[in-house]
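# Inside the fold
Chain by chain, the residues run as shown.
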Amino acid sequence: MTTPVTPVAPQLKDELDIVIPTIRNLDFLEMWRPFFQPYHLIIVQDGDPTKIIKVPDGFDYELYNRNDINRILGPKASCISFKDSACRCFGFMVSKKKYIFTIDDDCFVAKDPTGKDINALQQHIHNLLTPSTPFFFNTLYDPYREGADFVRGYPFSMREGVPTAISHGLWLNIPDYDAPTQLVKPRERNTRYVDAVLTIPKGTIFPMCGMNLGFDRELIGPAMYFGLMGDGQPIGRYDDMWAGWCAKVICDHLSLGVKTGLPYIWHSKASNPFVNLKKEYKGIYWQEDIIPFFQSVTFSKESTTVQKCYIELSKMVKEKLSKVDPYFQKLADSMVTWIEAWEELNSPAKSAPAANADAKKK
């Protein structure tokens, strides 16, 4: 007599939301169906709210457009970017789950060197559920991986690591280059599959890409604000960078970890470098001041939560970066608005149905 096989529930099925910003039909989900279908999706529709976005049958999702954002946040909706993928952070705010995975709609399933489809979500979950080692570098990379460990000379007192807040994935095919690099290397493709996950050391900031990204919303969610970008703003394509710089200095202060490396996705489409240059050129110039600013950030001992750190950081942005351009004064104000909106939607008294009542659900 054979024993019936009990189906294994997908890991974190009820604890993770997948957030997708889009302006188009989500046909790309068909490729991801084996991996994404068990999970809840939050789709943030950018651009024209009257446009109908088609989602393949069988997915459990909520869809929010600009009208929904304005209705839910009221005047505070001004902190959510329009006509820019930065709008995805609204999905982070309305989620009620512990973990978030966010992906762009031009990212497809990649294959590993053996030809097997890569379950990017599963790797992000593994990264997030295992500790990070930001205070001492392990030369065998991630010591919590099967087949690896801490090398000789690694202090035993530091081998427990710290909780992982962010899992930053990479891309095969179209690299995530800035416009000048795109222009001088128009045919370059990333074909190198590096089978490694690294903890980014404390004190090191990095260029975070939002197209293949996982994070622990309870640990770092309020810092994952993608800034003011796109329509009506002097800059674009720095939304994920801004969130990454802010989140990393806060992670360092609160002793949280950030990993980068696996998983890979297949980035299918190169954006127009001339359009990108128009969006990026001020950022390319400004970042020569922005990076030293973040490298010098120190928080007070009173900043014991992500929210307190973020409000303190907004004051530093206003004081130091407003000298670079008045835009940063506006950005600093929107950082405060973001935290106010986050706390409104995520206070214990706020029920999930109230926040999400009128979203288009399936």
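This text goes with the structure placed above it.
The structure displayed is predicted, hence computed values, not measured ones.

### Quick word on helix 7 (residues 239-254)
With 16 residues, helix 7 extends 23 Å between its outermost C-alpha atoms, agreeing within 8% with the 22 Å of an ideal straight helix rising 1.5 Å per residue. Most of helix 7 sits out of view: 14 of its 16 residues are buried. Looking one or two residues beyond helix 7, the residue adopting positive phi is S255, at roughly 60°.

### Structural notes on the nonpolar core
In terms of nonpolar packing, the biggest core is built from 69 residues, with I166, I220, W242 and F294 touching the most fellow members. Sequence-distant contacts of I166, that is, excluding residues within four places in its chain, are made with L128, M208, L213, G214, F215, I220, M224, A247, C251, G257, V258 and K259.

### Regarding a nonpolar patch on the surface
Together, L183, V184, F274, L277 and Y281 line one region of the surface with nonpolar side chains, adding up to about 510 Å² of accessible area. Among the elements that take part in the nonpolar patch, helix 8 (residues 273-295) stands out by supplying three residues, more than any other. Mapped onto the elements of the fold, L277 is located in helix 8. Given the relative accessible area of 33%, L277 is considered partly exposed.

### Quick word on the pattern of salt bridges
Proximity of charged atoms lets side chains of opposite charge pair with each other. Applying the stated criterion across every chain yields a total of 17 salt bridges. Where E218 meets K98, a salt bridge forms, and the shortest distance between an N and an O atom there is 3.4 Å. With a gap of 120 residues between them, E218 in helix 6 (residues 217-220) and K98 in the loop between helix 3 (89-94) and strand 4 (99-103) connect regions that are remote in the sequence. Taking the relative accessible area as the measure of exposure, E218 reaches 57% and is therefore exposed.

### Quick word on the environment of K282
Residue placement: K282 occurs in helix 8. Of the residues examined, K282 reaches a relative accessible area of 27% and is grouped as partly exposed. When the C-alpha positions of K282 and W242 are compared, they lie 14 Å apart, and in sequence the two are 40 residues distant.

### As for unusual backbone geometry
Geometrically, the link from L262 to P263 is a cis peptide bond, its omega value of 10° lying close to zero. For P263, the location among the structural elements is in strand 9 (residues 257-267). Phi is positive for L12, close to 60°, though the residue is something other than glycine. Relative to the helices and strands, L12 resides in the segment before strand 1 (16-22). The phi angle at S255 is positive, at roughly 60°, despite the residue not being glycine. Relative to the helices and strands, S255 resides in the loop between helix 7 and strand 9.

### So, the pairing of strand 3 (residues 60-64)
Counting buried positions along strand 3 yields four of five residues, so the element is predominantly enclosed. For strand 2 (residues 40-45) and strand 3, the ladder comprises five bridges, and the chain directions are parallel. Pairing of H40 across the sheet is with D60, part of strand 3.

About the thresholds
- Residues numbered from 1 in each chain as written.
- Predicted model: local features only at pLDDT ≥ 70, side-chain atom pairs only at ≥ 80, totals over all residues.
- Heavy atoms only, no water.
- Helix = DSSP H or I, 4+ residues; strand = E, 2+ residues; numbered from the N terminus.
- Expected span 1.5 Å × (residues − 1).
- Buried < 20%, exposed > 50% of the residue type's maximum accessible area, 1.4 Å probe, protein only.
- Core = buried A, V, L, I, M, F, W, Y, C linked by side-chain atoms within 4.5 Å.
- Contact = heavy atoms within 4.5 Å.
- Patch = residues over 30% accessible without salt bridge, like charges linked within 9 Å, V, L, I, M, F, W, Y side chains within 5 Å.
- Areas by Shrake-Rupley, 256 points an atom, 1.4 Å probe, with all protein chains shown as cover.
- Salt bridge = Lys/Arg side-chain N within 4 Å of Asp/Glu carboxyl O.
- Pairing = 2+ DSSP bridges.

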